[in-house]
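Structure assessment
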Amino acid sequence: MKLITAILREDAVDDVQIALAQQGISGMTVTEVSGYARQRGHTEVYRGEEFTIDFITKIRTDILAKDEDVELIVKTICDAARSGSIGDGKIWVQVIEDVVRIRTGEHGESAI
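Source: prediction; values computed, not measured.

1. Some points on the pattern of salt bridges
This structure, assessed with the given rule, holds seven salt bridges. For Lys 75, the salt bridge identified is with Asp 79, shortest N-O distance 2.7 Å. Residue Lys 75 and its partner Asp 79 are both found in helix H2 (residues 70-81); the two are separated by four residues, about one turn of the helix. Bridged by salt links that share partners, the residues Arg 9, Asp 11 and Asp 88 form one connected network.

In structure tokens form, the structure reads like this:
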């Protein structure tokens, strides 16, 4: 099992969710996060004063998946979220040893 984490632009989340649903992938946790990488923040003007915004708001999605679904999920996210501009995001995949469904006590892939 793998945990696929993607950091996305806010406007890409709906497209990613629809694309994953079309591939039969269900179950996603979405969290609003902020940070920076190459984008390094930006400046905004409010009432004539310039402010530096160091952290940019992004959306973090976490998807728990079977090993055989990982490539499809990563490709689907990339295709749906890619604008070609800096700040499109990142995806990383982590190995998960076990998952437990609290309601039933199921372990492993049956708990996904």
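From this point, the discussion proceeds with the structure in view.
2. Examining the packing of helix H1 (residues 13-22) against H2
Contact geometry of H1 with H2 gives a least axis separation of 8 Å together with a crossing angle of 140 degrees. Taken together, the axis directions place H1 and H2 in an arrangement best described as oblique. Read as a crossing pair, H1 and H2 show a hand that is right-handed. Where H1 approaches H2, its residues Asp 15, Val 16, Ala 19 and Leu 20 are matched on the opposing element by Ile 73, Thr 76, Ile 77, Ala 80 and Ala 81. Partitioned by chemical class, the residues of the contact of H1 with H2 number seven nonpolar, one polar and one charged.

Reading the values: rules and limits
- Residues numbered from 1 in each chain as written.
- Predicted model: local features only at pLDDT ≥ 70, side-chain atom pairs only at ≥ 80, totals over all residues.
- Heavy atoms only, no water.
- Salt bridge = Lys/Arg side-chain N within 4 Å of Asp/Glu carboxyl O.
- Helix = DSSP H or I, 4+ residues; strand = E, 2+ residues; numbered from the N terminus.
- Axes fitted to C-alpha atoms, helices over the stretch in contact; angles between N-to-C directions.
- Parallel < 35°, antiparallel > 145°, perpendicular 65-115°, else oblique.
- Left-handed = near helix turned anticlockwise from the far one by under 90°.
- Contact = heavy atoms within 4.5 Å.
- Nonpolar A, V, L, I, M, F, W, Y, C, P; charged D, E, K, R; others polar.

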